[in-house]
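Chain residues, written in single-letter form:
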Amino acid sequence: MRRPISIHRSEVSRLPQAAFDHLPFGSIFSDHMLFATYGNGAWTHVEIRPYGPVSLPPSINALQYGFSVFEGLKAYRTVQGRLVLFRPRENWGRFQRSCERLALPSPPEDIFLDGMQELVRVDAAWTPQWDAGSLYIRPCLYAVDENITVRPPSSCQFVIFTCPVGPYYALPVNLLVSTDYVRAFPGGTGDIKPAGNYAAAMLAARRAQEAGYDNVLWLDGKERRYIEECGVMNIFFVIENTVVTPNLTGTILPGITRDSVITLLRDMHCRVEERPISIAEIVEVYEGGALRECFGAGTAATILHAGTNCAFVKS
Ligand SMILES: *Cc1c(COP(=O)(O)O)cnc(C)c1O
């Protein structure tokens, strides 16, 4: 069943033409957002309306207990000017898994995918030209039960909003291996995208920045030996002629950029290995001169190079 989406257009566009030249990441929002509500076992009120505040009481369980999940993907303009979404079905699948893990209802395909397409169409003017950036799309779902009893949520809101973003040029980042903190652990939520994962990782990121690094290189939670991710990105190493990345163990986020990088490299006949990589192995290949490159992969930055002193200082 495809629910009708009502569209309430904003009267004036806030489109900052000049700002397209120097887009900051994630703080300029397009004119509209998709908004849907879930209650009494059903999704209702699907609408596209002007981007703006939602009014909620402070007692809602999303705020009290962290019932909140999100996704991140991009729309691009092709050279011909057509609008395209990058692998949105993958994000929908992952969003469903995130919702399920937090005992939340997940929006059906017509709201998540068709709603997203419609929203991107309504705000088409907000997607930069192919060489000037892309439109970052943020679907999110949070529980709005006005009740502080700890139990699975029964009412939710689902929102999609978008931000035009510039191409991401960054200097190589320097990473600090975290031995005090872990991002994920077996049986936890490391392989999905709940809001709380990010909050729980922030102190380690701040400590790394205080020590002069850009972000954290995360090790596994059990043995603190195996490399998992860097910051909020998947990680790749080029050792001699082989590209290696940690295999998906349940504590690593299965990134869509990660999957795309692996697929493209294999198409190009590069050798790619998905396997456990210990920090000791990386130190060894670095010292032996076999470590050619190290980079992170994720939707926001796409590919982010790590500097050569990546991974070699412990906290
Ligand atoms: C979202 C995310 C990624 C990257 O996933 P993409 O689908 O490539 O954007 C990597 N690691 C973590 C922890 C994430 O939350």
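### So, the site of the ligand
Near the ligand there are 14 residues, and of these Lys193, Tyr198, Glu229, Thr257 and Thr299 occur at the shortest range. Side-chain polar atom of Arg94 to an oxygen atom of the ligand: 2.8 Å apart, as the coordinates give it. With respect to the ligand, the side chain of Glu229 contributes an N or O atom lying 2.5 Å from a nitrogen atom. Compared with its free state, where it exposes 380 Å², the ligand has 96% of that area covered by protein. Elements represented by at least two residues in the shell around the ligand include exactly strand 12 (233–239) and helix 5 (256–267). Per-class residue counts for the shell around the ligand are five nonpolar, five polar and four charged.

### Points about the pattern of salt bridges
Across all of its chains, the model carries 17 salt bridges by this definition. We note a salt bridge from Glu273 to Arg271, for which the minimum N-O separation is 3.0 Å. Residue classification places Arg271 among the exposed positions, given a relative accessible area of 54%.

### Points about the confidence of the model for the protein chain
In this model, the protein chain carries an average pLDDT of 93, and 96% of its residues clear a pLDDT of 70 or more. Contacts of residues 311–315 to residues separated by more than four positions or lying in other chains number 18 contacts, the stretch itself having pLDDT below 50.

### Things to note about helix 5
Counted at 1.5 Å a residue, the expected span for helix 5 with its 12 residues is 16 Å, and the 16 Å between its end C-alpha atoms agrees. The complete set of buried residues in helix 5 reads Ile256, Thr257, Arg258, Ser260, Val261, Ile262 and Leu265. Where helix 5 ends, the next residue or the one after it, His269, has phi of about 65°, a positive value.

Conventions we followed
All residue numbers refer to positions counted from 1 along the written sequence of the respective chain. For this predicted model, a pLDDT threshold of at least 70 governs which residues receive local features, and a threshold of 80 or more governs which side-chain atom pairs are given and counted, while totals over whole chains, interfaces and linings are taken from all residues. Hydrogens and water are ignored here; the side-chain numbers use all heavy atoms of the structure. For this description, a residue counts as near a given molecule or strand if any of its non-hydrogen atoms is within 4 Å of it. Contacts described as polar in this section are N or O atom pairs within 3.5 Å, which, within protein, must combine one atom able to donate a hydrogen with one able to accept it, while residues neighboring in sequence count only if both atoms come from side chains. Computed with a 1.4 Å probe, the accessible areas rest on the Shrake-Rupley method; for each residue, only the protein chains presented here act as cover. Going along the chain from the N terminus, every DSSP run of H or I of four or more residues is numbered as a helix, and every run of E of two or more is numbered as a strand. Three classes are used, and their members are as follows: Ala, Val, Leu, Ile, Met, Phe, Trp, Tyr, Cys and Pro are nonpolar, Asp, Glu, Lys and Arg are charged, and the others, Gly among them, are polar. Whenever Lys or Arg places a side-chain nitrogen within 4 Å of a carboxyl oxygen from Asp or Glu, that contact is recorded as a salt bridge. To sort residues, take the accessible area from a 1.4 Å probe on protein chains only and compare it with the maximum for the residue type: under 20% means buried, over 50% means exposed, and anything in between is partly exposed. Each residue carries a pLDDT value, the predictor's own confidence for that position, ranging from 0 to 100. Only heavy atoms matter for contacts: two residues are in contact if any of them lie within 4.5 Å across the pair. Under the convention used throughout, the expected extent of a helix is 1.5 Å for every residue step, that is, one less than its residue count.

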